[in-house]
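# Per-entry structural report
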Amino acid sequence: MTDSVTTDVAERVAPEQHTRAESGALPAYIAITIAVVLWGLAPVATRYLVLRADPLGVLGLRFALCSVLYLPVLPRLHAHGYRQPGAARWTRRDVLLLVGCGLAGIVGYNVPVTYGTQHVQAALAGILLSTESLWIAGFSVLLLKERPTPRLLGALAVGAAGVATLLIAGGGLDVRASMLVGCLLILLGASMWGLYSVCVGPLIRRMGTLPVSALTLWIGTVPLVAVGGPAMASAAGHLTAGSWTVLVLYGLGPNIIGMLLWNYGVSRVAPSRAAVFLYLYPAVGVAGGVLLLGERATAGMAVGGLLVVSALVLTTRAQRKRDSVSARRG
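Residues numbered from 1 in each chain as written. Predicted model: local features only at pLDDT ≥ 70, side-chain atom pairs only at ≥ 80, totals over all residues. Heavy atoms only, no water.

### Some details on the overall build of the chain
The helix and strand inventory of the chain stands at 15 helices and zero strands. Residues counted as buried form 53% of the 330 residues belonging to the chain. (Helix = DSSP H or I, 4+ residues; strand = E, 2+ residues; numbered from the N terminus. Buried < 20%, exposed > 50% of the residue type's maximum accessible area, 1.4 Å probe, protein only.)

Structure (structure tokens):
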């Protein structure tokens, strides 16, 4: 992401943070909640699939399917010049930001998470992915120029302690180098989603949820399919009917419905406020891993998960305090 694009993000978001309509908040929160529940089940589906086929092939097939499902909206996008009616025209900075969001949100998030989940239980992956809230808070400070409060800094420290606990003891007695690498890959993916969530908001408010969602997905799918062609062919030959069913539902749920709902939500509420709903991530991920895959929740996982959730609570309270002070000053 270039410095000019970073500056553009900060300039566009700052004056918009206090002008979002309150009447649109409830639908936005409902949309975000559904999206996070769908995403909470994503590590379960990913774990199920990557244990049966090549991870890159699974990823390529999934996003090729998603891209095809988005094709019906292409005539509508073309009719309005790839923007919603009444929206501003695309600028060079908009295009650069769009490409950056597509690469960060699709490639940067999904590739490391998919490979990481091959070596990490779905329950542990779900807890690690819940750190997205902390990454969103951190990127809000860096890109949106939000002032880091002592409470926010404390939240980041507690979250780091939780992640360290998960890395050290999250696997119970079966801690391997491959598991640690998998955890780090998942954390890398979580950071990329935090970057995407902060940067995509200005684009959606200017151009609309559907155009930005479709275009970022297509941009991110191109390199996945280009690089993963042979792996996709191999994976397609190894997937059973049940695996194909999971793959199709996975594409429709988190990647289509979840993406649209999340983009709708973060365009109407501050990213750091939307982040609070990621509290559901650990609960959904652990429940799905235990109930659907027969995984075992460990004591280390419970302690690390508690620290991460505590950090998320502190992050949200810090954001609410900042918003309250800003409202009084306004």
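### Some remarks on the confidence of the model for the chain
Across the chain, the average pLDDT comes to 78, with 79% of residues at 70 or higher. Within the chain, the element-level pLDDT minimum falls on helix α1 (residues 3–13), averaging 43, and the maximum on helix α6 (residues 92–117), averaging 93. Between residues 1–23, whose pLDDT stays under 50, and residues either more than four places distant or in other chains, the model counts 38 contacts. Long-range and interchain partners of residues 325–330, a stretch whose pLDDT sits below 50, account for one contact in this model, where long-range means more than four residues apart. (pLDDT = per-residue confidence, 0-100. Contact = heavy atoms within 4.5 Å.)

### Observations regarding the side chain of S243
Assignment of secondary structure puts S243 in helix α12 (residues 241–266). Its relative accessible area of 1% is what places S243 among the buried residues. Look past the residues within four positions of S243 in its chain and what remains in contact with it is Y48, L49 and R52.

### A look at the pattern of salt bridges
Enumeration over the complete set of coordinates arrives at one salt bridge. Between R206 and D94 there is a salt bridge whose closest N-O contact spans 2.8 Å. Highlighted residues: R206 in helix α10 (residues 177–207) and D94 in helix α6, separated in sequence by 112 residues. Among the residues examined, D94 registers a relative accessible area of 0% and is labelled buried. (Salt bridge = Lys/Arg side-chain N within 4 Å of Asp/Glu carboxyl O.)

### Remarks on the nonpolar core
Among the nonpolar cores identified, the biggest contains 58 residues, and Y70 and W262 are the most heavily contacted of them. Elements represented by at least two residues in this core include exactly α2 (25–40), α4 (55–70), α6, α7 (122–129), α8 (132–143), α10, α11 (209–238) and α12. The contacts of Y70, once residues within four sequence positions are left out, are L210, S213, A214, L217, W218, I256 and L260. Counting eleven residues, the second-largest nonpolar core is a separate cluster that includes L49, A53, V58 and M232. (Core = buried A, V, L, I, M, F, W, Y, C linked by side-chain atoms within 4.5 Å.)

### Concerning α7
By the criterion of burial, α7 is predominantly enclosed, with eight of the eight residues buried. Three or more residues of α7 are buried, namely A122, A123, L124, A125, G126, I127, L128 and L129.

### Topic: the environment of A161
Mapped onto the elements of the fold, A161 is located in helix α9 (residues 150–169). For A161 and V308, which are 147 residues apart along the polypeptide, the C-alpha to C-alpha distance reads 7.9 Å.

### With respect to the packing of aromatic side chains
Under the definition given, this model contains five aromatic pairs. Ring geometry for Y109 against W193: centres 5.4 Å apart, planes inclined by 55°, an arrangement best described as tilted. In this pair, Y109 sits in helix α6 while W193 sits in helix α10, placing the two residues 84 residues apart along the sequence. Grouping residues by exposure puts Y109 and W193 together as buried. (Phe/Tyr/Trp six-rings, centres within 6.5 Å; stacked < 30°, edge-to-face > 60°.)

### Overview of the environment of A45
Structurally, A45 can be placed in helix α3 (residues 42–50). Spatially, the C-alpha atoms of A45 and L249 are 9.1 Å apart, while their sequence positions differ by 204 residues. With residues up to four places along the chain from it excluded, the contact list for A45 reads V246 and Y250.

### With respect to a nonpolar patch on the surface
Together, L41, V290, L291 and L292 give the surface a local cluster of nonpolar side chains, amounting to about 400 Å² of exposed area. Checked against the element boundaries, L292 lands in helix α14 (residues 280–293). (Patch = residues over 30% accessible without salt bridge, like charges linked within 9 Å, V, L, I, M, F, W, Y side chains within 5 Å. Areas by Shrake-Rupley, 256 points an atom, 1.4 Å probe, with all protein chains shown as cover.)

### Considering α12
Between its terminal C-alpha atoms α12 stretches 36 Å, which fits the 38 Å expected from 26 residues at 1.5 Å a residue. At G258, α12 is bent by approximately 40°, the largest bend along its length. (Expected span 1.5 Å × (residues − 1). Bend = angle between axes of the 7 residues up to and from the residue.)

### Focus: the packing of α2 against α12
At a closest axis distance of 8 Å, the pairing of α2 and α12 adopts a crossing angle of 150°. In terms of orientation, α2 and α12 fall into the roughly antiparallel class. The crossing of α2 and α12 is left-handed. The segment α2 lies against α12, with P27, A28, A31, I32, I34, A35, V36, L38 and W39 engaging G253, P254, I257, G258, M259, L261, W262, Y264, G265 and V266. Within the contact of α2 with α12, the residues separate by chemical class into 16 nonpolar, three polar and no charged. (Axes fitted to C-alpha atoms, helices over the stretch in contact; angles between N-to-C directions. Parallel < 35°, antiparallel > 145°, perpendicular 65-115°, else oblique. Left-handed = near helix turned anticlockwise from the far one by under 90°. Nonpolar A, V, L, I, M, F, W, Y, C, P; charged D, E, K, R; others polar.)

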